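Each chain, written out:
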Amino acid sequence: MTRVLVAGGAGYIGSHACKALARAGFMPVTLDSLINGHEQAVRWGPLVKGDLGDRALLGRLLTEEKIEAVMHFAAYLYVGESVEQPAKYYANNVTNTLGLLDAMRDAGISSIVFSSSAATYGTPERNPIPEDHPQLPINPYGETKLAVERALKWYGGAYGIRWAALRYFNAAGADPDGETGEAHDPETHLVPLVLEAGMGKRPPVKLFGTDYPTPDGTAVRDYVHVSDLADAHVLALKRLMAGGESLAANLGTGDGYSVRQILDEAGRALGSPIPHENAPRRAGDPAELVADPSLAMRELGWKPTRSDLPTILKTALAWHRR
Ligand code: NAD
Ligand code: UDP
């Protein structure tokens with residue numbers, strides 16, 4: 001069984017990827033410090049508790065666990081915090097990732113699937129956004145993701161590393177079997193906040209900006225189900241391990257929904273309206289971010305099957321009710 005290191009496999013997207021890997025016949029070996037992850041989310045293979053920055057551990061892990069490929073989710077991901085503490089973000093998201101690439105070279109491992117982000121595009125000139133749209137991040141978080149994409153390109157050319165940089169739009173939803181789901185702390189993402197406000201577990205949702213140049217004045221995003229993201233990772237890994245070319249690909253649906261549309265759909269899922277109040281725009285939020293996902297569909301054969309809003313909200317709600 002091919003053994004795949006999953007850095008950050010105890011987190012939200014990484015745990016869904018571990019499940020998808022196991023289903024596809026791989027053995028996911030999670031490396032996670034649990035700084036933001038959860039031990040109980042690691043259910044489809046072993047957990048090695050440790051930090052990505054621990055080079056000695058990484059070296060041992062890659063050889064002793066007979067790792068053949070890497071999926072890399074481990075990072076910090078709060079945009080606001082990245083503005084206040086850029087050093088923390090560069091150290092974990094960039095320096096530690098470069099260390100991982102070095103360790104892969106030492107161990108002779110050549111395939112890596114990397115979690116990139118729509119944040120690398122900054123404020124887009126147009127929507128939907130194709131991969132060759134200018135990448136001009138507007139915060140340190142996006143810069144760190146772009147820095148790694150650039151490193152992958154140069155390392156690929158020089159050292160024969162094959163890579164896939166998957167630029168997620170808005171990950172949402174939870175495993176349809178209820179085995180894992182989203183549990184960030186603090187939680188800043190719209191879908192869990194809306195559902196928990198609807199369940200009375202949080203204060204009313206603040207609509208960050210109601211005067212955007214969008215049909216209903218609230219910001220538009222491209223929500224993609226986390227299990228669809230996980231499937232794309234397995235497809236990308238198979239491509240790389242079969243000797244396929246490296247690529248950067250958007251993972252989104254191509255359909256944008258406003259904050260109000262998310263509230264409406266969540267209200268339908270819960271059977272009661274979501275308490276909310278208007279609030280000022282959140283700094284750094286573009287009005288609209290929608291993917292052109294055609295490259296991932298063409299090159300990876302990826303097709304999102306659970307990313308319609310009702311399925312996203314139904315699976316997320318089932319998870320949050322547990
Ligand atoms: P998450 O915080 O749930 O998962 C990240 C995991 O990495 C956590 O389990 C954490 O403990 C671990 N980790 C972080 N630093 C580590 C280190 N130095 N050593 C060991 N483990 C470490 O986040 P997520 O939502 O699952 O995001 C996964 C990846 O996807 C991140 O790279 C993020 O930037 C990217 N991404 C997420 C979204 C989204 O909507 N959630 C969108 C675009 C990109
Ligand atoms: N949003 C909001 N209220 C919240 C959280 C988010 O209005 O409490 C909006 C946010 O401004 C953005 C969208 O919901 O337009 C999605 O935000 P999220 O933080 O989930 O993801 P992001 O797009 O920032 O990656």
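The structure under discussion appears in the preceding block.
Residues numbered from 1 in each chain as written. Chains lettered and ligands numbered in written order. Predicted model: local features only at pLDDT ≥ 70, side-chain atom pairs only at ≥ 80, totals over all residues. Heavy atoms only, no water.

Student: Any chance you could explain the layout of surface pockets here in plain terms?
Tutor: Rolled over the atoms, a probe sized like a water molecule indicates the empty space that remains. The computed volume of the second largest pocket comes to approximately 190 Å³. For the second largest pocket, the lining is made up of 13 residues, of which Ala-20, Arg-23, Ser-227, Asp-231 and Arg-306 are closest to its centre. Listed by contribution, the elements that provide at least two residues to the lining of the second largest pocket are helix 1 (12-23) and helix 7 (226-241). Residues of the lining of the second largest pocket, tallied by class, amount to five nonpolar, two polar and six charged. (1 Å grid on protein atoms, 1.4 Å probe; cavity = no way out; pocket = protein on both sides within 12 Å on 5 of 7 lines; lining within 4 Å. Points joined across faces, edges and corners; volume = space filled by probe spheres on them. Helix = DSSP H or I, 4+ residues; strand = E, 2+ residues; numbered from the N terminus. Nonpolar A, V, L, I, M, F, W, Y, C, P; charged D, E, K, R; others polar.)

Student: Would you mind showing me how to read the site of ligand 1 here?
Tutor: Not every one of the 30 residues close to ligand 1 is listed here, only the nearest: Ile-13, Asp-32, Asn-92, Tyr-141 and Lys-145. One of the backbone N or O atoms of Phe-73 is found 2.9 Å from an oxygen atom in ligand 1. At a separation of 2.7 Å, a nitrogen atom of ligand 1 approaches a polar side-chain atom of Asn-92. Look at ligand 1: alone it shows 820 Å² of surface, and the protein chains cover 97% of it. At the level of secondary structure, the elements contributing two or more residues to the shell around ligand 1 comprise helix 1, helix 4 (86-107), strand 5 (111-117) and helix 5 (140-159). Ranked by residues supplied to the shell around ligand 1, first place goes to strand 5 with three residues. Grouping the amino acids of the shell around ligand 1 by side-chain chemistry returns 14 nonpolar, 13 polar and three charged. (Near = heavy atom within 4 Å. Polar contact = N/O pair within 3.5 Å; in protein donor to acceptor, adjacent residues only side chain to side chain. Areas by Shrake-Rupley, 256 points an atom, 1.4 Å probe, with all protein chains shown as cover.)

Student: What exactly am I supposed to notice about the site of ligand 2 here?
Tutor: As a matter of local geometry, ligand 2 sits amid 14 residues, with Leu-190, Lys-206, Arg-221, Arg-282 and Asp-285 nearest to it. A distance of 2.9 Å separates an oxygen atom of ligand 2 from a polar atom in the backbone of Phe-208. Compared with its free state, where it exposes 510 Å², ligand 2 has 86% of that area covered by protein. Residue assignment for the shell around ligand 2 shows that the elements contributing at least two residues are helix 6 (190-198) and strand 8 (205-208). The dominant element in the shell around ligand 2, judged by the number of residues it contributes, is strand 8, at three residues. Partitioned by chemical class, the residues of the shell around ligand 2 number seven nonpolar, three polar and four charged.

Student: I would appreciate a short explanation of the environment of Leu-300 in the present structure.
Tutor: Locating Leu-300 in the fold gives a position in helix 9 (residues 294-300). Leu-300 sits in the buried class, given a relative accessible area of 8%. Taking C-alpha positions, Leu-300 is 9.2 Å from Ala-249, a pair spaced 51 residues apart along the chain. The residues contacting Leu-300, other than those within four sequence positions of it, are Leu-166, Ala-232, Leu-235, Ala-236, Arg-239, Leu-247 and Leu-295. (Buried < 20%, exposed > 50% of the residue type's maximum accessible area, 1.4 Å probe, protein only. Contact = heavy atoms within 4.5 Å.)

Student: What am I meant to see in the sheet that holds strand 14 (residues 288-289) here?
Tutor: Note: strands within a sheet are paired through backbone hydrogen bonds, in either parallel or antiparallel orientation. In spatial order, the strands read 12-9-14; together these three strands make up an open sheet with mixed pairing. Strands with a single pairing partner mark the edges of an open sheet, and in this sheet they are strand 12 (257-258) and strand 14. (Pairing = 2+ DSSP bridges.)

Student: What am I meant to see in helix 4 here?
Tutor: In an α-helix, one turn spans 3.6 residues, which is why side chains three or four residues apart end up on the same side. A rise of 1.5 Å per residue sets the reference length of helix 4, with its 22 residues, at 32 Å; its end C-alpha atoms lie 30 Å apart and thus fit the reference within 8%. Buried residues along helix 4 sit in contact with strand 1 (3-7), helix 2 (55-64), strand 4 (67-72), helix 3 (79-84), strand 5 and helix 5. (Expected span 1.5 Å × (residues − 1).)

Student: Looking at this structure, how should I read the environment of Ile-161?
Tutor: By the element assignment, Ile-161 lies in the loop between helix 5 and strand 6 (162-168). A relative accessible area of 4% means that Ile-161 is categorised as buried. Ignoring anything within four residues of it in the chain, the contact list for Ile-161 reads Leu-101, Arg-105, Ser-110, Ile-112, Tyr-155, Gly-156 and Ser-246.

Student: Got a minute to help me understand the side chain of Thr-97 in this structure?
Tutor: Counting through the fold element by element, Thr-97 comes out in helix 4. Owing to a relative accessible area of 1%, Thr-97 belongs among the buried residues under this scheme. One polar contact links the side chain of Thr-97 to the main-chain carbonyl oxygen of Asn-93, over a distance of 2.7 Å. Apart from the residues within four sequence positions on either side, Thr-97 is in contact with His-72, Asn-92 and Val-148.

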